[in-house]
Amino acid sequence: MRATFPHLLHLDVALGILYPTLGIEIVPPPPLTRKTIEIGVKLAPQNACFPLKVTLGNFVESIEKGADTLFMAGGVGPCRFGYYGQIQRLILEDLGYKVQFILLDHPRYGIRSFVQALRTMTGGKISPARIVRATALAWKVLRFTETIEAKRRALRCLVERKDALDRVVEGTLTRLRWVESVTALEEIIRSTEEALRALPLVREEGEVLKVGIVGEVYVAQEKRINFDVERLLGDLGVYVHNSVSTVEYILHTLPFTRSREKEETWRLARPYLQRFVGGEGIDSVGSAIRYAQWGFDGVVHLYPFTCMPEIVAKGILTQVSKDYDLPILHLAIDEHAGEAGLITRVEAFVDVLERRKKTRRKSEVGRAWTYS
Amino acid sequence: MVGIPRGLLFYRFYWLWKTFLEELGVEVRVSPPTNKAIIRRGLTYGVEEICFPVKVFLGHVMAIQDEVDFLFLPRMVSFHRREYTCPKILGLPDLVRNLFGISSERIITGEVNMRDTGIWGWRQGFLEMGRRFTRQEGKIMRALKRAEEAHKRYREKLKTGILPEHLIDRREEVVPKEKKVLLLGHTYLISDSYINMNIVQKIHTLGYGVVTQDMVDEQRVRKYLSLLQKPSFWTISNEIMGTALLYLKERDPRLKGYIHLVSFECGPDSLVGEVIERWIKRESETLPYLRLEIDEHTGEAGLLTRLEAFVDMMEWRDAHLESNLSSSLAP
């Protein structure tokens, strides 16, 4: 069995640690490129959402590299993601690929298939202790990849040399692929933090524009799909915070592992959107409100074109934007999105934010003057 | 007075909602059939990327909101166990509230959710809405019971081959035809002859009658749905898939082809259509299949041309097969 799985930012780093430890030979999915997207777009249904197309492209490329077992997560709806696996299986079957599709579905769809999928995923005969240890390590690695990406987007507008920052982050990500124990991971975490602290800063957090990112879990994170909006904003001198996280997404599937932060996000969204509408719809609304409360200057909303939950969120965000006086840039991403157009829109958005900040400062000064 | 916008699940639950409200002593007003002005309003004030039927629905909300005291927008989260409706329907009351600035007091809504709790969740939803009019729970439950009976009668009538639209507006029914096509698609597309450009009538003029998923026995649909490794989690899409599979496996000689009517940005249909298409292609000998996408840019002439070409294909295939048969029978 040679297994593979789809990309989701640095998920391949974590799974690349997990599976070999469990004795499963893996074919790491080839890097996500223009070609991956082209393959996916050609094979997938025309109006399917973008992540389905990209992950399908991933699978085809991995199969060409010799993978014969595909791991994919399922879902219970109402977002289309839960049905991706079924569609992709049909398409790959019709193409004549002889592959085994292992869908890790919610136990709601039959506890037996769930256990079966777990058993195949864990190789069947490994001791539970070892599974727990391997999973814990992979989990910690995944967490750390998110931490370091968060540091990168926060520091980008502050550091003197952006290339030095990238070097530190990329170097760490490469080293993470070879981590074998928790102690080794802790060593990497320590040295990375040291290296990041050593970077000379030229600006302070208080003086830069702050933008938060909300949106769909795949498109808002996968920088190879969203034209690296975070980097673009950072280069324009904007402090970026991303509310979307794979760790949170996984924790969220079980009611007792939901973080307090997530519950808080949902509570914030309630006055506008009273219930979960699938995907990250309610999270997008709640996170945008939280950014407003944190005093952020703007929000970028990233989602796949025609994404159902995010369109609901988009309709509601217009009201949030009015109520909290918070500019929101909606960016729908699909295979037709052009980089040049996107850059122009983001630049214009940052210009607007800068101007707003200036006039606001002026009016504050003015008010202070009239009252004194 | 309570207004019901004519759109989306209206075509499925009209009798249920209407009877429920009337039994509670409320005057009901339904927005007029879709017209150009309604669509234009929906397009202008809706979210630009949302699917066409939701835009039309929003247009209906605008058309009726000033004439009534309350808007009736039940949140139909799920009307089948372990299934959902689509996210846009889940968030519909919130969308209306936020897009048009209508206050929560003017919207009568309640979460009807049978996903986990079955009939209990159904009753809870209607109790929540009924409490806006009366404190007596017994009265609400009685109203719901009457409404359910009316709904059952309505669904039974649909099975005889009448379209919801004809039943609701007491319009002239179409005369049944010998040859039929299976017209798949959400009821709010099939039954709104303004937005689907009178497709049923067009098909009829070309010499064919239609069968829709509302005309088929639900239990049989569910049985055939279990052919799939995993059915989807959208109730109406499941009914569409199940009906397609039913006619794929249980051949009806009068049925000559499949037409799947979808709206351009419909999420569930983009995947479900693919499943149906691939299942049809996998059969060794199948009927022609046509997917028609409808949105605000669809032109009537283009639609008619495609229909005519499709009818030609069905007829050619029919003649071809018959001649094949006769030649094989000949010595």
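The shown structure was predicted, so the numbers you read here are calculated from the model rather than taken from an experiment.

1. Description of the interface of chain B and chain A
At step 1: In this complex, chain B contributes 43 residues to the contact, which on the side of chain A involves 44 residues.
At step 2: Counting each side, the surface lost to burial between chain B and chain A is near 3900 Å², with a carbon and sulfur contribution of 57%.
At step 3: Our enumeration of links across chain B and chain A arrives at 20 residue pairs in polar contact (both at pLDDT 80 or more).
At step 4: At the level of secondary structure, the elements contributing two or more residues to the side of chain B that touches chain A comprise strand 4 (75–78), helix 4 (87–90), helix 5 (92–100), strand 6 (111–113) and helix 13 (267–282) of chain B.
At step 5: Counting residues per element, the side of chain B that touches chain A draws most heavily on helix 13 of chain B, at 9 residues.
At step 6: Classifying every residue of the side of chain B that touches chain A gives 19 nonpolar, 8 polar and 16 charged.

2. Focus on the environment of A:A337
Residue and element names in this part refer to chain A.
At step 1: By secondary structure assignment, the location of A337 is in the loop between strand 8 (328–333) and helix 14 (339–371).
At step 2: The spacing of A337 and N226 is 111 residues in sequence and 9.0 Å in space, taken between C-alpha atoms.
At step 3: When residues no more than four places from it in sequence are discounted, the contact partners of A337 are F227 and A332.

3. Concerning helix 12 (residues 235–249) of chain B
At step 1: With 15 residues, helix 12 of chain B should reach 21 Å at 1.5 Å per residue; the first-to-last C-alpha distance of 21 Å fits that figure.
At step 2: Of all 15 residues in helix 12 of chain B, 14 are buried; the element is thus mostly enclosed.

4. Thoughts on the state of the cysteines
Two cysteines joined by a covalent bond between their sulfur atoms form a disulfide.
At step 1: Inspection of the entire model under this criterion finds 0 disulfides over all chains.
At step 2: Between A:C79, a cysteine without a disulfide, and A:C307, which holds the nearest cysteine sulfur, the sulfur-to-sulfur distance is 6.0 Å.

5. Focus on the pattern of salt bridges
Pairs may arise between side chains of opposite charge once their charged atoms sit close together.
All names here are of chain A.
At step 1: One pass over the structure, following the stated rule, counts 54 salt bridges over all chains.
At step 2: Residues K223 and E149 are paired through a salt bridge, measuring 3.0 Å at the closest nitrogen-oxygen approach. Placement of K223 in the loop between strand 5 (209–215) and helix 9 (229–235) and of E149 in helix 6 (residues 128–155) is noted, with a sequence separation of 74 residues between them. Neither K223 nor E149 differs from the other in exposure class; each is buried.

6. Overview of the domain arrangement of chain B
Residues and elements named next belong to chain B.
At step 1: According to the domain assignment, chain B consists of domain 1 (2–159) and domain 2 (164–329).
At step 2: A C-alpha centroid distance of 27 Å is found between domain 1 and domain 2.
At step 3: The interface of domain 1 with domain 2 comprises 33 residues on the first partner and 31 residues on the second.
At step 4: Counting the surface domain 1 buries against domain 2, the share from its top three residues, Y11, F52 and K159, is 22%.
At step 5: Applying the counting rule to domain 1 against domain 2 returns 6 salt bridges.
At step 6: A salt bridge links E296 to K55; the nearest nitrogen and oxygen atoms lie 2.7 Å apart.
At step 7: One can count 11 residue pairs in polar contact (both at pLDDT 80 or more) joining domain 1 with domain 2.
At step 8: Those elements that provide at least two residues to the side of domain 1 that touches domain 2 are helix 1 (10–23), helix 2 (36–45), helix 3 (52–65) and helix 7 (137–159).

Conventions used here
Residues numbered from 1 in each chain as written. Chains lettered and ligands numbered in written order. Predicted model: local features only at pLDDT ≥ 70, side-chain atom pairs only at ≥ 80, totals over all residues. Heavy atoms only, no water. Contact = heavy atoms within 4.5 Å. Buried area = accessible area lost by both parts, 1.4 Å probe. Polar contact = N/O pair within 3.5 Å; in protein donor to acceptor, adjacent residues only side chain to side chain. Helix = DSSP H or I, 4+ residues; strand = E, 2+ residues; numbered from the N terminus. Nonpolar A, V, L, I, M, F, W, Y, C, P; charged D, E, K, R; others polar. Expected span 1.5 Å × (residues − 1). Buried < 20%, exposed > 50% of the residue type's maximum accessible area, 1.4 Å probe, protein only. Disulfide = S-S within 2.5 Å. Salt bridge = Lys/Arg side-chain N within 4 Å of Asp/Glu carboxyl O. Domains from an automatic or database assignment.

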